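Summary of the model geometry
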Amino acid sequence: MQTFKNKKFTLSDISLGSASGEDEADFLDNFSDYFYDHENISKKIMEKNIFFLIGRKGTGKSLLAKYIENKFSNKENFFNYFVNVGSFRNFKYQQLIEYKDEDFSDKEYFFVWKWCLLINISYQLVLDQTCTDTESLDSLKHFLQSNFGLNLRQKKVFDKSKNIKWTLGSSKVAQISASKDSEIEVGSYLDYLEYLEDVVISLGSSTQSNFTIFFDDLDDGFEYTEVYGKGICSLMYAVDELNRTFFRSGFKAKFVLLMRSDIFGILNSADLNKFKMDNSLILNWRPEERENSPLFQMLIHRIVTALKLNGKIDKKDYNSVFHEIFEHSVENRPTALWLINKTFCRPRDLIQLIKIVGEENPSLDMYRSFALIKTKGLYSKYLYGDVRNEMKGHQSDEFIENSLSLLKGIGKAHTVTLDKIRKKKPHLFDNEKGEENVKEMLSFLYRFSVIGNIYHNSSDDSQVEFHSWSHREDQSEPDFDAPFSIHQGIRLALKVESKEENDIKWAALQNGEN
């Protein structure tokens, strides 16, 4: 540890990367060095039975996929691995309606998704130089270019799916022929789906290469509608079937869907629980551990990387490093506990909080308590905006704003009860469904951890026994008989914590430092 103690630096020297996984992969030099492989998750996601990566927004799904894509792009070490991160950004789920199959109630769009997946894996297959069936590979490449162009675009796959140019070969072997003398037939993807699947599996099982395609941005422009819900469920069924078919045929390939837990939780289909239990990897940063959270190991790993001390400081010493660059307490609480209570136990939140402190106090040589308190307001605005963005699509914008407004103007106690809302905002209870509507809004806020239940000692109301938060307890439900506590990270943004009080704390601590 002597190396770190003797290292002279200021907070301006610490580049923590981006709170956005995509931005980090695109713009941060050597971003893979910053990646913290929590519980060896990069190995677990590549296991053959994992088809879905589930986690709350901001937990690191996109960064994990980009890290793996970057890792396997090194062809000197992984010459027979093909890993790609595909995106459904700007995809309009409403267009799925024209592909609806009424014969399948919970997977109405199964076949068009299956076609889309086969086209995606085909674009990876034609890159494989180890395949011995070069004639079929060239034919497949010609087919792809003739219909979809040199570069894959998901929108074009759908746009062209009902007008496919299929060069007929021998139906017995289901070969795609590029021969100029062959008769070219035009038809729907449904006419050729089985043939394409046969070709892909035949080529895939004849090579020793491995293929993995991650699909990200499934939540882009999310708005929960029937077509979105059934569309995503149909995609999951298509992934499940093709992954199993590939495995049984000896084709070492699979698709992995990156899914937000809040969206996965509202889907409705018979096999979703099985998918979650047997074929999913849940990105969980162990929120129940609080001040012992692995998020702090992740944070110190990034700081050590930024200071170019990777090979000089062992991971077992990360805890000591934390106590060297953070003061021991903030607002009479252990610093780690103070920090974790400001977050939803996501990497994005902790990185953003520490980045703000560094940007506002670049000349400091450590993360001091007064600096953390000083930047609470800026961080609170970030977290408030992020959770509002996460809520979008689950309810109307009006419902979201009305729900958040419940917490405004109720005083500075940071706690909310039905009785307090009734006293402060009696107009909400004027009609017979008033209380029901308020409960619905509170449930919505609880679901996104804007509020959580607080339980006091039965014999001493001043003593808090425990809190219940949805981001700490999977599938927990709000308790309307217990008071709700407003999340510490967004209190200033909601104006339920006084900015003046915060400024006084900051000034007092700063004066104490001088």
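Up top you'll find the structure we're talking about.
I will try to describe carefully the structure that is included in this document. Residues take numbers from 1 onward in each chain, read along the sequence in its written order. In view of the model being predicted, local features appear only for residues whose pLDDT reaches at least 70, and side-chain atom pairs are presented and counted only at 80 or more, with totals across whole chains, interfaces and linings using the full set of residues. Side-chain numbers here rest on the full set of heavy atoms in the structure, without hydrogens or water.

The next subject is the sheet that holds strand β2 (residues 81–87). Here, strands pair whenever DSSP counts at least two bridges between them. In DSSP terms, a helix is any run of H or I states spanning at least four residues, a strand is any run of E spanning at least two, and both are numbered starting from the N terminus. Taken in spatial order, the 5 strands make up an open sheet running β2-β5-β6-β1-β7, and their pairing is parallel. Strands at the two margins of the open sheet, each flanked by one partner only, are β2 and β7 (280–282). Ignoring strand direction, the axes of neighbouring strands in this sheet form an average angle of 20°. With 4 bridges connecting them, strand β1 (residues 52–55) and strand β6 (residues 253–260) associate as parallel partners. From the neighbouring strand, Phe-52 faces β6, where its bridge partner is Leu-257. Whether two residues are in contact is decided by their heavy atoms: any pair within 4.5 Å suffices. Working convention: axes come from line fits to C-alpha atoms, limited for helices to the stretch in contact. Angles between N-to-C directions cover 0 to 180 degrees. Contacting β1 and β7, helix α12 (residues 272–279) crosses the sheet at an angle of about 70° to β7.

Attention now moves to the side chain of Lys-342. Within the secondary structure, Lys-342 sits in the loop between α15 (335–341) and α16 (347–360). Relative accessibility thresholds used throughout: buried, under 20% of the residue-type maximum; exposed, over 50%; partly exposed, between the two (1.4 Å probe, protein chains only). Here the positive residues are Lys and Arg and the negative ones are Asp and Glu; neither His nor the chain ends is included. The salt bridge definition used is simple: a Lys or Arg side-chain nitrogen within 4 Å of an Asp or Glu carboxyl oxygen. Despite being buried, Lys-342 has no salt bridge partner; Glu-331 is the closest side chain of opposite charge, sitting 4.5 Å away.

Mapped onto the elements, Asp-23 comes out in helix α2 (residues 21–27). Using a relative accessible area of 34% as the deciding quantity, one classes Asp-23 as partly exposed. As a C-alpha pair, Asp-23 and Arg-286 span 263 residues in sequence and 25 Å in three-dimensional space. Apart from residues no more than four positions distant in its own chain, Asp-23 is found in contact with Ser-18 and Leu-28.

Another aspect to go through is unusual backbone geometry. We note that Lys-308 has phi near 60°; this positive angle belongs to a residue other than glycine. Relative accessible area serves as the criterion here: at 68%, Lys-308 is assigned to the exposed category. At Asn-332, a residue that is not glycine, the phi angle is positive and equals roughly 65°. For Asn-332, the position within the fold is in the loop between β8 (329–330) and β9 (333–334). Residue class for Asn-332 comes out exposed when judged on its relative accessible area of 79%.

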